[in-house]
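What the coordinates show
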Amino acid sequence: MKKILALTLALVLSLGLCACGGAPAEEPAEENTGDAAQTEIASGVEDGVLTVAMECNYAPYNWSQPDASNDAVPIKDSNEYANGYDVMMAKKLCEANGWELEIVRLDWDSLVPAVQAGTVDCVIAGQSMTAERAEMVDFAGPYLYASIVCVTKADSELANAKGISELTGTCTSQIGTIWYDTCLPQLKDNEGIQIQTAAESAPAMLMALETGTVDFICTDMPTAQGALVAYPDMVILDFSDTEDTFAVSDEDINIGISVMKGNTVLKDALDAVLSTMTADDFNALMEQATAIQPIEG
């Protein structure tokens, strides 16, 4: 019996030593390393295709058209084509990196969620590089610098305004933009000012002005310049060279390309191209887009 107990005790001690040994303890660490590798953010362009989301309804940044004229690009799952500044820029980025370009049409409020979900690789859609957006996505760029202006009818009394303190009446802008969320609130103390509900899109914002629903709108210079092509009865109110203007930061006027948080491979590839371009390059490309945008906006 003593021999049996001794053998049993020896076996228990032997198993105990194995459980505390160094070799088995290292195995979980190797498994954790493998798991970390699996959580790395994919670039999205491993297949050689850059999938870009935009509204396709925001001239001169982007718009839809029925044919491939002016080197327009097909819109996925559609019989229409996309063109505009954002499309032109996307083509330059793809050409520089050897990618094919795929355009996906989404509503404005769906753009950032699509990047976060990985449904698209990036958004090129005239987005300001705000701190709030930067909490949800990473930004490459800027790929454009856009000053803030107002637009009114040429026959309006506001057409002679010399600064934002002289603006009065009804106004609006596009939902989810710094124009509506940051700029228009700066007019709240103006006499007679009435900030209306935000428009769902840039065309809706312009139509509100054209039909007299509002007296003026707030937007950026490229959008305003494009508006004058479609609506020659409008004028731009640019107070940017005066002290009586909107208080905005660089993040408000710097327009960037959003990618998934942590997607450094794609961000770096885009920045490598954009860093070789100047503000003059951006403006020249925007002039091309404005010159060919559809009259209906």
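Here, every reference points to the structure presented above.
Treat the numbers as computed from the prediction; the structure is a model and nothing was measured. (Residues numbered from 1 in each chain as written. Predicted model: local features only at pLDDT ≥ 70, side-chain atom pairs only at ≥ 80, totals over all residues. Heavy atoms only, no water.)

Things to note about the sheet that holds strand S5 (residues 81-83)
Note the threshold: In this description, strands pair whenever DSSP reports at least two bridges between them. Secondary structure elements follow DSSP: runs of H or I no shorter than four residues count as helices, runs of E no shorter than two count as strands, and numbering proceeds from the N terminus.
With antiparallel pairing, the four strands of this open sheet are ordered in space as S2-S3-S5-S4. The sheet is open, and its two edges are formed by strand S2 (57-58) and strand S4 (73-74), each paired on a single side. Of the pairings in the sheet, the one linking strand S3 (residues 62-65) to S5 comprises three bridges and is antiparallel in character. Residue Trp63 lies in a different strand from S5, and its bridge partner there is Asn83.

Topic: the sheet that holds strand S12 (residues 216-220)
One key point about sheets: their strands pair by backbone hydrogen bonds, in either a parallel or an antiparallel sense. Filter applied, for reference: Fitted lines through C-alpha atoms give the axes, limited to the stretch in contact for helices. The angle between two N-to-C directions lies from 0 to 180 degrees.
One open sheet holds the five strands; their spatial order is S11-S10-S12-S9-S13, and the pairing between them is mixed. Two strands in the sheet have a free side with no partner beyond their single neighbour: strand S11 (193-195) and strand S13 (234-237). In this sheet, adjacent strand axes meet at a mean angle of 30 degrees when their direction is disregarded. Here three bridges tie strand S10 (residues 169-172) to S11, and the two strands are oriented parallel to one another.

What about helix H11 (residues 279-292)?
Put simply, the rule is: Take the residue count of a helix, subtract one, and multiply by 1.5 Å to get its expected span. When accessible area is computed with a 1.4 Å probe and restricted to protein chains, residues below 20% of their type maximum are described as buried, those above 50% as exposed, and intermediate ones as partly exposed. Arc, as used here, means the arc of the directions from the helix axis to the C-beta atoms. In this analysis, two residues are considered to be in contact whenever any of their non-hydrogen atoms come within 4.5 Å of each other.
Between its first and last C-alpha atoms H11 spans 20 Å; for 14 residues at 1.5 Å apiece the expected length is 20 Å, and the two agree. Residues of H11 that are buried: Phe282, Leu285, Met286, Ala289 and Thr290. Projected down its long axis, H11 carries its buried residues within an arc of 140 degrees, all on one side. Opposite the buried face of H11, by more than 90 degrees, sit the exposed residues Asp280, Glu287 and Ala291. Taken together, the buried residues of H11 touch S3, helix H3 (85-97), strand S8 (137-145), helix H8 (221-230) and helix H10 (264-274).

Some words on the pattern of salt bridges
Note the threshold: A pairing counts as a salt bridge when a side-chain nitrogen of Lys or Arg comes within 4 Å of a carboxyl oxygen of Asp or Glu.
Per the counting criterion, the structure on display carries five salt bridges. Among the salt bridges present, the one from Glu80 reaches Arg105, with a minimum N-O distance of 2.8 Å. A residue pair is termed long-range when its members are at least 10 positions apart, and Glu80 in the loop between S4 and S5 and Arg105 in strand S6 (residues 100-105) qualify at 25 residues. For Arg105, a relative accessible area of 32% gives the class partly exposed. Two residues, Lys188 and Asp189, come together in a salt bridge whose shortest N-O distance is 3.6 Å.

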